[in-house]
Amino acid sequence: MTTYTPSPELAKALQSFTKTQEAADQARDALREAVANDLKTYDVTADAIAAHLPWSGETVRGIAREFGVPRKRKPTVRSIKPKKRVGGETSD
């Protein structure tokens, strides 16, 4: 078995990469939170915000769900499961 110790050059490059990756993760988290705050504060759609970001509207909608942003409108899709009739009334 070979014992390997990274060179000072590799160790320095890895340390720089790790610090940069951590900074990128923090910046992404801050951006996601700012997106959620704008969705809560302004009357704007996910697609309108996505036009200014490197993310799709669906990604912005996912951020909205993650941060509990209320929906702008009620869902229009309904269940295709037929309702059962019970005593003249319908039930699920």
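Treat the numbers as computed from the prediction; the structure is a model and nothing was measured.

This part covers the overall build of the chain. Per the secondary structure count, the chain includes three helices and two strands. Reading the secondary structure of the chain in the N-to-C direction produces α-α-α-β-β. Here the chain has a C-alpha radius of gyration of 24 Å; the compact-globule value for 92 residues is 12 Å, and the former is much larger. The principal-axis extent of the C-alpha atoms belonging to the chain is close to 80 × 45 × 20 Å. Among the 92 residues that make up the chain, the fraction classed as buried is 14%. Intrachain contacts of the chain at a sequence separation of at least 6 include 40% that bridge at least 24 residues. Only carbon and sulfur atoms are counted for the fraction: they give 55% of the accessible area of the chain, which is about 8200 Å². Charged side chains of the chain number 16 positive and 12 negative; the gap between the two group centres comes to 10 Å.

What follows concerns the pattern of salt bridges. Within the structure shown, the criterion is met by five salt bridges. One salt-bridge network, held together by shared partners, links Asp-47, Glu-58, Arg-61 and Arg-65.

Val-35, Ala-36, Leu-39, Ala-46, Ile-49, Ala-50, Leu-53, Val-60, Ile-63, Ala-64 and Val-69 form the largest nonpolar core, which has eleven residues in total. Elements that contribute at least two residues to this core include exactly α1 (8-41), α2 (46-50) and α3 (57-66). Aside from chain neighbours lying at most four places away, what touches Ala-36 is Ile-63, Phe-67 and Val-69.

Let us look at the confidence of the model for the chain. Summing up the model confidence of the chain, the mean pLDDT is 90 and the portion of residues at 70 or higher is 93%. By mean pLDDT, the top-scoring element of the chain is α1 (97), and the lowest-scoring one is strand β2 (residues 89-91) (58).

Moving on, we get to the packing of α1 against α3. Put simply, α1 and α3 touch, their axes get as near as 9 Å, and they point 80° apart. Relative to α3, the element α1 lies roughly perpendicular. Counting all contacts with α1, which are made through Arg-32, Val-35, Ala-36 and Leu-39, the residues of α3 involved are Val-60, Ile-63, Ala-64 and Glu-66. Looking at side-chain class alone, the contact of α1 with α3 contains six nonpolar, no polar and two charged residues.

Conventions used here
- Residues numbered from 1 in each chain as written.
- Predicted model: local features only at pLDDT ≥ 70, side-chain atom pairs only at ≥ 80, totals over all residues.
- Heavy atoms only, no water.
- Helix = DSSP H or I, 4+ residues; strand = E, 2+ residues; numbered from the N terminus.
- Rg over C-alpha atoms; globule rule 2.2 N^0.38 Å.
- Buried < 20%, exposed > 50% of the residue type's maximum accessible area, 1.4 Å probe, protein only.
- Contact = heavy atoms within 4.5 Å.
- Areas by Shrake-Rupley, 256 points an atom, 1.4 Å probe, with all protein chains shown as cover.
- Lys, Arg positive; Asp, Glu negative; His and termini not counted.
- Charge placed at Lys NZ, Arg CZ, Asp CG, Glu CD.
- Salt bridge = Lys/Arg side-chain N within 4 Å of Asp/Glu carboxyl O.
- Core = buried A, V, L, I, M, F, W, Y, C linked by side-chain atoms within 4.5 Å.
- pLDDT = per-residue confidence, 0-100.
- Axes fitted to C-alpha atoms, helices over the stretch in contact; angles between N-to-C directions.
- Parallel < 35°, antiparallel > 145°, perpendicular 65-115°, else oblique.
- Nonpolar A, V, L, I, M, F, W, Y, C, P; charged D, E, K, R; others polar.

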